[in-house]
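Descriptive structure summary
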Amino acid sequence: MSERFDLVILGAGLSGLALAGAVARTGRRVRALIIEPRRLTPNPRHWMFPAAPDHGLHRFESSRLTGFEVESPTGALLHRPLNRMILARVAAQAVQEAALDAVAAEPRMMLREGVSVDRVQGGRTQAIVDTSDGQVCASWVVDTRPLEDVGMPAGRVVQLSHLMTAPVESGHEERLCLKVVGSDFPGLEQLSLSRDRVVHEQARFVLAPPPDLALEPQADRLLQWGGRLEAARQSQGVWPLGYRPLSRGAGRVVLAPADAYGLRFAPGMAALRLHDWAQAQARRLTYGLSLCAPPPPPVSSRLATARIEAMIRRDPRLAAAGLRALLYEAPADAVMRTLSGAARWHDLIRAWQSGTW
């Protein structure tokens, strides 16, 4: 006999745990099951993203910045203070542990690890999930597993990142420095510095069309600034520059993968976006309303990334100059919104009027 639940969440990753934790905290009697095909391990990432000071993940912040620096080709530094925004750094493990604690404290919610999912069928009144432990029926199924087909057409601009971090000493005062790098393909280099300019994190983002453009390891640069190689951690990723329209699922199945997009801060912005989406879906579930997939970004955000894509395709050197003009000339808050894929209409109008875009 199949088990029955109000909600089944497939995947205990970023969006799956965000939704599970939000449902558990509502205090309503929702019977839910989270299925994770693998074994859960602590998430070592630290997300940095621009947001309002009272953003949804503010209680998990490990630090916040109220400005950033821009490095010119000559090495000169320009400090850009933020007006209404902050740059938040959030430990992913803290968010993960909070969601798991909330689920563990709710007796009507269960987490099953190491259970594979064979098939998902969505109907008009219920959804059925065939797993290695048997069949599960649910009023709603939210599938947060990564999509197998990323749907990136040939020639689409992507960002290839290489991130390297070294341990941060207690009491570390952080400064963020950005600069435009590259000639054939423009990109951004981010350095997180201490007051005495010791680097503890370095990220390199190169914007390039497929096929892959390999990034050189940056261990030498980090060591040059005082990093400790034996304790350093490296990671790489490939994200689309612009938003990819995703399927909405069928029937009572909602697709909600943790899809990241934007010129910079993609994982952190995805975490914030999915946290806000999860809060709304938890309320809808407890009131008996239909669940919805994560919404697409606003049109202004898509126009901003489309403009950057067009500049890169037409002339990479001109695109690098445009990015440098953005960092130096646009209002600091608008710079952060554009780099994070959250630009607003007035950002685009001011950029058009100033001639920088």
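Nothing here was measured: the structure is a model prediction, and the numbers come from that model.

Across its full length, the protein carries eight helices and 17 strands. By the burial criterion, 50% of the 357 residues in the protein qualify as buried. A separation of at least 24 residues holds for 71% of the contacts in the protein among residues at least 6 apart in sequence.

Per-residue confidence for the protein gives a mean pLDDT of 82; residues scoring 70 or more make up 84%. Within the protein, the lowest mean pLDDT, 51, falls on helix 3 (residues 219-224), and the highest, 94, falls on strand 2 (residues 32-36). Contacts for the low-pLDDT stretch residues 225-230, under 50 throughout, to residues beyond four places or in other chains number 14 contacts.

A few words now on the pairing of strand 10 (residues 127-131). The buried fraction of strand 10 amounts to four of the five residues, a majority that puts the element mostly inside the structure. Bridge count for strand 9 (residues 117-122) against strand 10 is five bridges, and the pairing is antiparallel. By the bridge assignment for strand 10, Gln 121 is matched with Ile 128. Relative to strand 11 (residues 134-143), strand 10 is paired through five bridges, and the arrangement is antiparallel. Bridging across to strand 11, Ile 128 finds its partner in Cys 137. Taking the residues between adjacent antiparallel strands as the criterion, strand 10 and strand 11 are bridged by two residues.

Turning our attention to the packing of aromatic side chains. For the coordinates displayed, the defined rule picks out zero aromatic pairs. The aromatic ring of Phe 5 is capped on one face by Arg 31, whose charged end is 4.3 Å from the ring centroid.

On to the pattern of salt bridges, then. Enumeration over the complete set of coordinates arrives at eight salt bridges. Between Arg 38 and Glu 36 there is a salt bridge, and its shortest N-O distance comes to 3.8 Å. For Arg 38, a relative accessible area of 66% corresponds to the exposed category. The class for Glu 36 is buried, based on a relative accessible area of 8%. Taking the shortest distance from any N to any O, the salt bridge between Arg 64 and Glu 61 comes out at 2.8 Å. A relative accessible area of 21% means that Glu 61 is categorised as partly exposed. If you follow the salt bridges from partner to partner, you end up with Glu 71, Lys 179 and Glu 189 in one network.

The end-to-end C-alpha distance of helix 2 (residues 92-104) is 18 Å, a good match for the 18 Å that 13 residues give at a rise of 1.5 Å each. Among all positions of helix 2, only Ala 92, Val 95, Gln 96, Ala 98, Ala 99, Ala 102 and Val 103 are buried. Taken end-on, helix 2 shows its buried residues confined to a sector of 165°, consistent with a single buried face. Facing away from the buried side of helix 2 by more than 90 degrees, the exposed set consists of Asp 101 and Ala 104. Structurally, helix 2 contributes buried residues whose contacts are with helix 1 (14-25), strand 2, strand 3 (46-51), strand 7 (86-91) and strand 8 (109-113).

Attention now goes to the sheet that holds strand 3. Spatial strand order, 3-7-4: three strands in an open sheet with antiparallel pairing. Only two strands of the sheet have a single neighbouring strand rather than two, namely strand 3 and strand 4 (61-65). Averaged over all pairs of adjacent strands, the angle between strand axes in this sheet comes to 20°, irrespective of strand direction. Inspection of the sheet shows strand 3 paired to strand 7 by six bridges, in the antiparallel sense. Within strand 7, the residue paired with Pro 50 across the bridge is Leu 87.

Residue position: Gly 122 is located in strand 9. Along the primary structure Gly 122 and Arg 252 are separated by 130 residues, whereas in three dimensions their C-alpha atoms are 5.1 Å apart. Excluding anything up to four places from it in sequence, Gly 122 contacts Ala 127, Ala 250, Gly 251, Arg 252 and Val 253.

Among the nonpolar cores identified, the biggest contains 42 residues, and Phe 49, Phe 68, Met 336 and Leu 339 are the most heavily contacted of them. Ignoring any residue separated from it by four or fewer positions in sequence, one finds Phe 49 in contact with His 55, Leu 57, Ile 86, Leu 87, Ala 88, Val 90, Phe 265, Gly 268, Met 269 and Leu 272. Among the nonpolar cores identified, the runner-up in size contains 28 residues, and Leu 7, Ala 32, Val 142 and Val 254 belong to it.

This next bit is on the pairing of strand 7. Burial within strand 7 is extensive, with six of its six residues counted as buried. The alternating pattern of strand 7 places Ile 86, Ala 88 and Val 90 on one face and Leu 87, Arg 89 and Ala 91 on the opposite face, and all of these are buried. Note that strand 4 and strand 7 share four bridges and pair antiparallel. Following the sheet pairing, Glu 61 is matched in strand 7 by Val 90.

About the thresholds
Residues numbered from 1 in each chain as written. Predicted model: local features only at pLDDT ≥ 70, side-chain atom pairs only at ≥ 80, totals over all residues. Heavy atoms only, no water. Helix = DSSP H or I, 4+ residues; strand = E, 2+ residues; numbered from the N terminus. Buried < 20%, exposed > 50% of the residue type's maximum accessible area, 1.4 Å probe, protein only. Contact = heavy atoms within 4.5 Å. pLDDT = per-residue confidence, 0-100. Pairing = 2+ DSSP bridges. Phe/Tyr/Trp six-rings, centres within 6.5 Å; stacked < 30°, edge-to-face > 60°. Lys NZ or Arg CZ within 6 Å of the ring centre and 35° of its normal. Salt bridge = Lys/Arg side-chain N within 4 Å of Asp/Glu carboxyl O. Expected span 1.5 Å × (residues − 1). Arc of directions from axis to C-beta. Axes fitted to C-alpha atoms, helices over the stretch in contact; angles between N-to-C directions. Core = buried A, V, L, I, M, F, W, Y, C linked by side-chain atoms within 4.5 Å.

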